[in-house]
Amino acid sequence: MKLKELETNLSNISVMLSIYIRGVRTLQNDQSKEEFLAEVIDLRDIINVLSKRRKIIALIVVISLLTSGILSFFVLDPVYEAKGMLLVTMAADNSRTVVPSNDNLDSLIGSLSRMPQMTMNTYVEQLKSEAVMKRVINKLNLQEYGVTPSMLATMINAQAIKDTNIIEIKVQNTNPQLAMDIANTLNAEFLDYLSEKNQEQMSRSAAFLSQQKDENDQKLNEALEKLKEFNAQPRGVAFLDKEFTIMTDDLNNSLSQLDTVRIEVKELQAGIAQMTETLTTVPRTITTNSHDVQTGNQVTNEEVNPLYVSINDQLSQKQAALAEKTARLNELVTVTERLKKDLTGLQVELSEKKFTQTQLQNEIDMLSQTSASLAEKATQTQIAKSIDLGNTSVVIVSSAATTKQVKPNKKLNMAVALVLGLMLAIGLAFMLEFLDNTLKNTEDIEKYLEVPVIGVIPNAKR
């Protein structure tokens, strides 16, 4: 990337140089000799003005340098700087700052039991806060000298070093010892300030969690009482569940018997139909021949057919059995329909009460879980409260043991005075030359009046 930028810059410079060279060549070709000479003369005039006013220019430059030197060496009080460093061990990354969701109870409760996570910028801003400034002032008794938090803040420069977890603290003051004391006191008071703020926040969190746990326990007891009263009802879930089981068994038995009776009815109906058909083919009576002993003749007798009688008796029995089974079938149908209807109503009642019981139980489970979580987080908060956050999250890497003079910068002041004196002197020289409308020599007469000089009258000697 840098190589491409360098190539682009070189290309732009080459284009500009080519344009400048063409312009110079064109100017040299088109410019007349008189214009060129006029420009040379104008340059000589500038040099002549500077030469003519050289004493004024030198005097102004010398005065500027003397003034800067007197102010830097004798008037301005020297300012000393003390520097210290803090290492932040628990800084949070801005890109990974997590905001707890209100929909997540564990996340919300957890955020109350954790120690505050702060970024490097947050530490720097807290370091320069008015509360910390007041602590330093009270510690060093600076209020006796009229020092206010805003005045003290102007002496302190705190900034986070890029790509590190180090905060650099610089304190400037005309008293080197006071600068070191302010820097070291600021470090110590900042650590104490962090610990106190952490304890205050953890105390509020612990009190809040304890209050929430008491309220949650009260709701839990009320929910348990509701569930107890619900289960104590005459037709509770357990009773209805047992009754539903018994009624289901009765219905299954009734259905089984109903299927058996239906089969038996069909068998009886089939047997009756078969016997009825058989009777149509069997004669009711039969003719028999017998020998009369007395007369010696053959006698023809008509008797009841025993097979017909037997089949007819069996048919009567089956018809009686069919009537009995039919009555039993109708009874079982009636009982089955009644059981189905009763079972449907019982199932609706059982479902409603089970739903209510499940709601109550879920509420109890949720309240129990919340109570356990609140108790756990309250314990964690008490532990976090006892942690010295100042000494665990921030470490003093370098105390302010020495100071160095940073103001005034004598060399820089003298250089600035030299440049400003030259600019002021040259400007004054040109202004004086512009305001001077007198003719002092023959060159001025020829230049401004454009007439030749015939003669010169010398000054008379007195």
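Note that the structure is predicted; figures quoted are calculated from it, not measured.

1. Quick word on the overall build of the protein chain
Stage number 1. Scanning the protein chain for helices and strands turns up 13 helices and 7 strands.
Stage number 2. For the protein chain, buried positions account for 25% of its 462 residues.
Stage number 3. Within the protein chain, contacts between residues at least 6 apart in sequence are counted, and of these 80% link residues at least 24 apart.
Stage number 4. Looking at the protein chain as shown, the accessible area adds up to about 31700 Å², and 57% of this sits on carbon and sulfur atoms.

2. Here we look at helix α3 (residues 54–75)
Stage number 1. Between its first and last C-alpha, α3 extends 30 Å over 22 residues, near the 32 Å set by a 1.5 Å rise per residue.
Stage number 2. Burial in α3 covers these residues: Ile-57, Ile-60, Val-61, Ser-64, Ser-68, Gly-69 and Ser-72. Relative to the axis of α3, the buried residues are bounded by an arc of 160° and lie together on one face. More than 90 degrees from the buried face of α3, the exposed residues found are Lys-55, Leu-59, Leu-66 and Phe-74.

3. With respect to the packing of helix α6 (residues 130–140) against helix α8 (residues 176–231)
Geometry of a packed helix pair, given as the angle between the helix axes and the separation of the axes.
Stage number 1. Closest axis-to-axis distance for the α6/α8 pair is 9 Å, and the angle between their directions is 125°. As far as their axial angle goes, α8 and α6 are oblique. At the point where α6 passes α8, the crossing takes the right-handed sense. Residues Ala-131, Val-132, Met-133, Arg-135, Val-136, Lys-139 and Leu-140 of α6 pack against Asp-181, Ile-182, Thr-185, Leu-186, Glu-189, Phe-190, Asp-192, Tyr-193 and Glu-196 of α8.

4. Some points on the pattern of salt bridges
Stage number 1. For the structure on display, the rule yields 13 salt bridges.
Stage number 2. With a shortest N-O distance of 3.7 Å, Lys-197 and Glu-200 are connected by a salt bridge. One end of the pair is Lys-197 and the other is Glu-200, both in helix α8 and 3 residues apart, which spans about a single turn.
Stage number 3. In this structure Lys-197 comes out as partly exposed when scored by relative accessible area, which is 37%.
Stage number 4. Glu-331 serves as the salt-bridge partner of Arg-328, at 3.6 Å between the closest nitrogen and oxygen. With Arg-328 and Glu-331 both in helix α10 (residues 306–385) and 3 residues apart, the pair spans about one turn of that helix.
Stage number 5. Arg-328 sits in the partly exposed class, given a relative accessible area of 33%.
Stage number 6. A relative accessible area of 43% means that Glu-331 is categorised as partly exposed.

5. Points about the nonpolar core
Stage number 1. Among the nonpolar cores identified, the biggest contains 32 residues, and Leu-152, Ile-167, Ile-169 and Phe-190 are the most heavily contacted of them.
Stage number 2. Breaking this core down by element, the ones donating at least two residues are β1 (79–88), α5 (120–127), α6, α7 (149–155), β2 (156–160), β3 (166–173) and α8.
Stage number 3. No other element matches the 9 residues that α8 contributes to this core.
Stage number 4. Non-local contacts of Phe-190, meaning those with residues more than four positions away in its chain, are made with Leu-86, Tyr-123, Gln-126, Leu-127, Val-132 and Val-394.
Stage number 5. Counting residues in hydrophobic clusters, the runner-up holds 15 residues, among them Val-237, Leu-240, Met-247 and Leu-350.

6. Remarks on helix α12 (residues 410–435)
Stage number 1. In this model α12 runs 37 Å from its N-terminal to its C-terminal C-alpha over 26 residues, within 8% of the 38 Å that 1.5 Å per residue would give.
Stage number 2. Taken together, the buried positions of α12 are occupied by Ala-417, Gly-421, Ala-425 and Ala-429.

7. Notes on unusual backbone geometry
Stage number 1. Its identity as a non-glycine residue notwithstanding, Asn-141 has a phi of 55°, on the positive side.
Stage number 2. Following the sequence through the fold, Asn-141 ends up in the loop between α6 and α7.
Stage number 3. The backbone of Asp-163 sits at a positive phi, close to 60°, despite the residue not being glycine.
Stage number 4. For Asp-163, the location among the structural elements is in the loop between β2 and β3.

8. Details of the confidence of the model for the protein chain
Predicted coordinates in areas of low pLDDT are best not read in detail.
Stage number 1. Summing up the model confidence of the protein chain, the mean pLDDT is 78 and the portion of residues at 70 or higher is 75%.
Stage number 2. Predicted confidence for residues 1–6 stays below pLDDT 50, and this span has 0 contacts to residues more than four positions away or in other chains.
Stage number 3. Of the regions scoring below 50 in pLDDT, residues 36–41 engages in 2 contacts with residues more than four places distant in sequence or in other chains.

9. A few points about a nonpolar patch on the surface
Stage number 1. Side chains of Val-62, Leu-66, Ile-70, Leu-71, Phe-73, Phe-74, Val-75 and Leu-76 sit close together on the surface and give an oily, nonpolar patch of about 790 Å² of accessible area.
Stage number 2. Relative to the helices and strands, Phe-73 resides in helix α3.
Stage number 3. Owing to a relative accessible area of 48%, Phe-73 belongs among the partly exposed residues under this scheme.

10. Observations concerning the packing of α3 against α12
Stage number 1. Interhelical geometry of α3 versus α12 gives an angle of 150° and a closest axis separation of 8 Å. When the axis of α3 is compared with that of α12, the two are roughly antiparallel. The way α3 lies across α12 gives a crossing that is right-handed.
Stage number 2. Grouping the constituent residues of the contact of α3 with α12 by class yields 16 nonpolar, 6 polar and 1 charged.

11. Side note on the pairing of β2
Stage number 1. Pairing of β2 with β3 involves 5 bridges; the strand directions are antiparallel. Bridged to Ala-160 within β3 is Ile-167.
Stage number 2. The hairpin formed by β2 and β3 contains 5 residues between the paired strands, and Asp-163 there has a positive phi angle of roughly 60°.

12. A closer look at the environment of Asn-253
Stage number 1. Mapped onto the elements of the fold, Asn-253 is located in helix α9 (residues 237–279).
Stage number 2. When the C-alpha atoms of Asn-253 and Thr-336 are compared, they prove to be 9.3 Å apart, with 83 residues separating the residues in sequence.

13. Things to note about the pairing of β1
Stage number 1. Across 4 bridges, the pairing between β1 and strand β7 (residues 403–407) is antiparallel. Along β7, the bridge assignment pairs Ala-82 with Thr-403.

What counts and how
- Residues numbered from 1 in each chain as written.
- Predicted model: local features only at pLDDT ≥ 70, side-chain atom pairs only at ≥ 80, totals over all residues.
- Heavy atoms only, no water.
- Helix = DSSP H or I, 4+ residues; strand = E, 2+ residues; numbered from the N terminus.
- Buried < 20%, exposed > 50% of the residue type's maximum accessible area, 1.4 Å probe, protein only.
- Contact = heavy atoms within 4.5 Å.
- Areas by Shrake-Rupley, 256 points an atom, 1.4 Å probe, with all protein chains shown as cover.
- Expected span 1.5 Å × (residues − 1).
- Arc of directions from axis to C-beta.
- Axes fitted to C-alpha atoms, helices over the stretch in contact; angles between N-to-C directions.
- Parallel < 35°, antiparallel > 145°, perpendicular 65-115°, else oblique.
- Left-handed = near helix turned anticlockwise from the far one by under 90°.
- Salt bridge = Lys/Arg side-chain N within 4 Å of Asp/Glu carboxyl O.
- Core = buried A, V, L, I, M, F, W, Y, C linked by side-chain atoms within 4.5 Å.
- pLDDT = per-residue confidence, 0-100.
- Patch = residues over 30% accessible without salt bridge, like charges linked within 9 Å, V, L, I, M, F, W, Y side chains within 5 Å.
- Nonpolar A, V, L, I, M, F, W, Y, C, P; charged D, E, K, R; others polar.
- Pairing = 2+ DSSP bridges.

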